[in-house]
Amino acid sequence: LAEDFGELAGCGAHLSGLRRTRIGRFNIDDALPLDKLLALAESNEIESALTTPGDALSDMPEVVVGGSEAREIAHGRRLELDLEKIETDKLFRITYNNTLAAIVRKIDNTGAGYKYERVFLRPEAIEN
């Protein structure tokens, strides 16, 4: 980053420090200090500090599916999904039962115009 600014200014540049204060919907106020995390881990309460993958990706567009569709996804099969509101080449998430089922990339404007980037569902986790 500093090199880029230095190049634009026509001189050298460097950083003596860099602090990220925001990424996506998370900001520095959401962070916990390491000593607090260690204390939570020692008292077996670390779960209270964790964010679920679904919550971490909640700013992504979402497609919600039911049990039969989730079963197809868990087996890697493709469905006809309504992707009209999702931009081509953008990632979106599929959820089932309020759980992240898959991260998917839209590749064209057809209902089956997507590819799975990562499927999180296991067939045995789907309710009958």
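Here, the structure is the one placed above.
Residues numbered from 1 in each chain as written. Predicted model: local features only at pLDDT ≥ 70, side-chain atom pairs only at ≥ 80, totals over all residues. Heavy atoms only, no water.

1. So, the pattern of salt bridges
- Following the criterion strictly, the structure yields six salt bridges and no others.
- Among the ionic pairs, Arg 77 bridges to Glu 72, the shortest N-O distance being 3.5 Å.
- The partly exposed category is assigned to Arg 77, whose relative accessible area is 42%.
- Classification of Glu 72 by relative accessible area gives partly exposed; the value is 28%.
- When the shortest N-O distance is used, the salt bridge between Arg 105 and Asp 89 registers 3.7 Å. (Salt bridge = Lys/Arg side-chain N within 4 Å of Asp/Glu carboxyl O. Buried < 20%, exposed > 50% of the residue type's maximum accessible area, 1.4 Å probe, protein only.)

2. A word on the environment of Ile 73
- Assignment of secondary structure puts Ile 73 in helix α4 (residues 67–74).
- Spatially, the C-alpha atoms of Ile 73 and Phe 5 are 45 Å apart, while their sequence positions differ by 68 residues. (Helix = DSSP H or I, 4+ residues; strand = E, 2+ residues; numbered from the N terminus.)

3. Some details on the nonpolar core
- Grouped together as the largest cluster of nonpolar side chains are 19 residues, with contacts concentrated most on Val 63, Val 65, Leu 81, Phe 92, Ile 94 and Tyr 114.
- For Phe 92, the residues in contact, after removing those within four places along its chain, are Met 60, Pro 61, Val 63, Leu 81, Leu 83, Ile 86, Ala 102, Ile 103, Val 104, Arg 105, Lys 106 and Tyr 114. (Core = buried A, V, L, I, M, F, W, Y, C linked by side-chain atoms within 4.5 Å. Contact = heavy atoms within 4.5 Å.)

4. Describing the sheet that holds strand β5 (residues 99–106)
- The four strands are arranged β3-β4-β5-β6 in an open sheet whose pairing can be described as mixed. The open sheet terminates on both sides in strands that have one partner only, identified here as β3 (62–65) and β6 (114–119). Strand-to-strand twist across the sheet, computed as the mean angle between neighbouring axes with direction ignored, equals 30 degrees.
- Across five bridges, β5 lies against β6 in antiparallel orientation. Bridge pairing links Ala 102 to Val 119 in β6. (Pairing = 2+ DSSP bridges. Axes fitted to C-alpha atoms, helices over the stretch in contact; angles between N-to-C directions.)

5. Some remarks on the packing of aromatic side chains
- Taken as a whole and judged by the stated rule, the model has two aromatic pairs.
- For the pair Phe 92 and Tyr 114, a centre-to-centre distance of 6.5 Å together with 75 degrees between the ring planes defines the contact as edge-to-face. You can see Phe 92 sitting in strand β4 (residues 91–96) and its partner Tyr 114 sitting in strand β6, a full 22 residues away along the chain.
- Assessed through its relative accessible area of 0%, Phe 92 is described here as buried.
- Ring geometry for Tyr 114 versus Tyr 116: centroids 5.4 Å apart, planes at 75 degrees, classification edge-to-face. (Phe/Tyr/Trp six-rings, centres within 6.5 Å; stacked < 30°, edge-to-face > 60°.)

6. So, unusual backbone geometry
- Although it is not a glycine, Asn 97 adopts a positive phi angle of roughly 55 degrees.
- Assignment of secondary structure puts Asn 97 in the loop between β4 and β5.
- At Asn 98, a residue that is not glycine, the phi angle is positive and equals roughly 60 degrees.
- Considering the arrangement of structural elements, one finds Asn 98 in the loop between β4 and β5.

7. Description of the environment of Ala 125
- Here Ala 125 lies in the segment after β6.
- Ala 125 sits 54 residues away from Arg 71 along the chain, and the two C-alpha atoms are 9.1 Å apart.

8. A look at the side chain of Arg 93
- Following the sequence through the fold, Arg 93 ends up in strand β4.
- Its relative accessible area of 9% is what places Arg 93 among the buried residues.
- From its side chain, Arg 93 meets the backbone oxygen of Leu 57 in a polar contact 3.2 Å long.
- A polar side-chain atom of Arg 93 sits 3.2 Å from the main-chain carbonyl oxygen of Met 60.
- Residues in contact with Arg 93, not counting those within four places in the same chain, are Gly 54, Leu 57, Ser 58, Met 60, Pro 61, Glu 62, Val 63, Leu 100 and Ala 102. (Polar contact = N/O pair within 3.5 Å; in protein donor to acceptor, adjacent residues only side chain to side chain.)

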